[in-house]
Amino acid sequence: MSRAGWGDAAQLAALQELQAEGLTLDARGSDDLIRAVAVTTVFGERTVLDGIDLAIRRGEVFVLMGPSGCGKTTMLRHLCGLRAPTFGTVSIGGRDIHALPAAELHALRLRTGMAFQGGALLGSLTVEENVALPLRENAGRQLPREVIRQVARAKLDMVGLLPAAERMPADLSGGMCKRAAIARAIALDPEIVFLDEPTAGLDPITAAGIDNLIVKLNAVFGITMVVVTHDLPSAYAIADRMAVFFDGQVAAFGTKDQVLEAGDPRIRDFVDRRMRDAERPEIDVARHMIL
Amino acid sequence: MAPAPNPTIDQPLDAVRVAGSDPGAGCSVSVTTKAGVTTVRTGPGLTRSAVRGLVDAVSRSLRTCPSRIVLDVGAVDDFDSAGLAGLVEALRLGRAAGVELRLRGLSQAMLDYFSLVSVERLTAAEPGPEPRGILRRLGARALPVLESMATVGRLGADCVMAVLVDPWRGRRPRIDRTTHEFDHTAGGALPITGLIGFLLGLILAMQAWVQLRAWAAELYVADMVGVSVVTEIGPLMTAIVLAARSASANAAQLGSMVVGEEVDALRQMGIDPVRFLVVPKVVALALAAVALCLIFDGVAIVGAALFARGFADIGFVAFGERLELALGLRDLATAGLKCLAFGGCVGVVGCAEGLSVTGGSEGVGRATTRAVVYSVFLIIVVDALFVTLQRMVFA
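Just so it is clear, the structure is predicted and the values come from calculations on it, not from any experiment.

K.L.:
Describe the sheet that holds strand E10 (residues 249-254) of chain A, naming the residues involved and giving the relevant values.
P.N.:
Strands pair in a sheet through their backbones, by hydrogen bonds, and they do so in one of two ways: parallel or antiparallel. All names here are of chain A. Here we have six strands laid out as an open sheet, ordered E6-E7-E8-E3-E9-E10, and mixed in their pairing. At either end of the open sheet lies a strand with only one pairing partner, and these are strand E6 (112-115) and E10. Direction aside, neighbouring strands of the sheet carry axes that sit 15° apart on average. Here five bridges tie strand E7 (residues 192-196) to strand E8 (residues 224-229), and the two strands are oriented parallel to one another. Its bridge partner lying in E8, Ile192 is registered against Thr224. Together, strand E3 (61-65), E7, E8 and strand E9 (241-246) form the strand contacts of helix H2 (residues 72-79), whose direction differs from that of E8 by roughly 155°.

See below:
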């Protein structure tokens, strides 16, 4: 896939520099495309992530799983370069993305896509214009308008939203917003797609459709997928490997079976949808008073 | 070539970049015609940089009216979705022109890509925009304005009901929320109102003095400034300041609450959003307008008196005596009523626009703009009504 000629001389120069150093997204001599080392994040007094180490391989669907508030979305924001961790590094293709110069970070962003939890579609543009936006802004001088339009429509067709192409984001249902966000995330033919809760709050059928889409995009285009979810069936359906987060730490890491075999009681509870004793509401007092 | 099944995305990127950054590699499109059949052959790179050439070649070929066009992509070893979109666009052009267009030499990777989309749907002719008559277009323009006016009217009536009738039905007015809003609107607007008042008093006195000097009637500066400020400029300026500060803030706040379904939540909990949210704001604004206007008047007259003393040799005592003669209690009372009405209008318009937001964050922006524009407009209309009524009653 050609990624040259993004229109900006500075970008092109940055690319050629990257090329000259022989550094590409597929880190040489290693399967790992994305690697996080000792990522620690502190919000005020609270430690959200506590020394996370992760390695995500090229071409796999990697799921970050865990209960709400365990830090998985924060981790995703570190991995995609939106937010730098307090300590630790995140590298993609062997380069620390939070230390990249602006032009190279921009070049990297053009090769990754992100679908935000609520869709984050621009309310002033139609669905089709939303999907066309990254292409129009980054390759608009190179591509005829009709072709940009066809790309956007093709991506919308992939997520089954072509009939809604002319609608405004405010008129879409939650599931449609998420699908439109995925279409926008793959608009630039990225190599890595980050998805934040792509199936949360959706009915099982729509959720299964999105799982199917993720697997298909991964299989056909070999896109590396990094998915944050707390939806167990979805995680099982799509994940090649997963990391389960608990209280800012990785409780288990590996394939589905490896994670289950790890035997962490918290994971058992999570999988069995069981509330832990400590978190159960206190009812003993009431019982005591009745008797 | 990188390993299957995805030769395009999964290959080392520097290699790809070399292919893509060399414009000669991708753009080579050759066109040959034989026995009425035009063959368009693409080069090895069917990527962003090559698409324009391909689409141009096809549309040029279509102009020669061939019986058939064959698009040969057998040579392609590097493509991206822009390249394939170019193919789809070519198919669409052919279909629109009624010329048979065939693809030849699609690789497995391309077929995989096309398995995710429906070329039939993508190349379908789209219905053009519905032709609309002048009446329809006029209606489409006028209807939102009328609807907006109706909403403002309804909400205004609701507020009046809530203020005048509810207390007799045993419903307590929300004093706490009203004082909170009052503090917000009046307190926040105090510095700017005071500053504008002082400067305007100075300016008006200066303008009046320049005119009156010609007739040696400088003493009447006090009359002119006093009457114009108290009856017109004071209420108008305070209302406009409130429209700019508070109508916009209310519209944005309520609009975001609508977008976030907070207003629906209130309704669902059995809390009337008008009485809970709107009435305190409207009452607070009406009272704030009166209070701010009093302060505005006072500061403006102080400004004028200072100018008169400093430049026109009119002492404070003489200035005060003239003022006393020129202004009656009636003027102050009408000014107060006016302020109540203006403040109420600003409150109702801002809240009505906020509550009728549709379409997410952009809708909030539009509502905020409309809130300011409509409230300033309404202030002027109400002012005109007041002046007409005044003439009818007192003349």
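K.L.:
Describe the sheet that holds strand E1 (residues 30-34) of chain B, naming the residues involved and giving the relevant values.
P.N.:
All names here are of chain B. If you walk across this open sheet you meet the four strands as E1-E2-E4-E6, and the pairing is mixed. Two strands close off the open sheet at either side, each with one partner strand: E1 and strand E6 (100-104). Averaged over all pairs of adjacent strands, the angle between strand axes in this sheet comes to 20°, irrespective of strand direction. The sheet contact formed by strand E4 (residues 68-72) and E6 spans five bridges and is parallel. Bridged to Ile69 within E6 is Leu101. Helix H3 (residues 48-63) rests against E1, strand E2 (37-41) and E4 of the sheet, and its axis sits at about 170° to E2.

K.L.:
Give me the lowdown on the domain arrangement of chain A, citing residues and values where you can.
P.N.:
Residue and element names in this part refer to chain A. Segmenting chain A into domains produces domain 1 (7-105 + 191-277) and domain 2 (112-189). Contacts between the two partners involve 16 residues from domain 1, matched on the other side by 18 residues from domain 2. Put simply, the parts of the chain that give the side of domain 1 that touches domain 2 at least two residues each are E7 and helix H7 (204-221). Element by element, the count of residues in the side of domain 1 that touches domain 2 is highest for E7, at five residues.

K.L.:
Quick rundown of the pairing of E8(A)? Include the residues and the values.
P.N.:
Residues and elements named next belong to chain A. Burial within E8 is extensive, with six of its six residues counted as buried. Here E8 shows no split at all, with Thr224, Val226 and Val228 on one side and Met225, Val227 and Thr229 on the other all buried. Here five bridges tie E3 to E8, and the two strands are oriented parallel to one another. From the neighbouring strand, Met65 faces E8, where its bridge partner is Thr229.

K.L.:
So what's going on with helix H7 (residues 134-164) of chain B? Residues and values would help.
P.N.:
For an α-helix, 3.6 residues make a turn, and residues three or four places apart therefore share a direction. Residues and elements named next belong to chain B. An ideal rise of 1.5 Å per residue puts 45 Å on 31 residues; H7 measures up with 45 Å between its terminal C-alpha atoms. At Ala142, H7 is deflected by roughly 30°, the largest bend along its length, and proline Pro144 occurs up to four residues later in sequence. Those residues of H7 that sit buried are Val152, Leu155, Cys159 and Ala162. Its buried side turned inward, H7 meets helix H11 (273-311) and helix H13 (329-355).

The rules behind these values
Residues numbered from 1 in each chain as written. Chains lettered and ligands numbered in written order. Predicted model: local features only at pLDDT ≥ 70, side-chain atom pairs only at ≥ 80, totals over all residues. Pairing = 2+ DSSP bridges. Helix = DSSP H or I, 4+ residues; strand = E, 2+ residues; numbered from the N terminus. Axes fitted to C-alpha atoms, helices over the stretch in contact; angles between N-to-C directions. Contact = placed C-beta atoms within 7 Å. Domains from an automatic or database assignment. Buried ≥ 20, exposed ≤ 12 C-beta atoms within 10 Å, placed from the backbone. Expected span 1.5 Å × (residues − 1). Bend = angle between axes of the 7 residues up to and from the residue.

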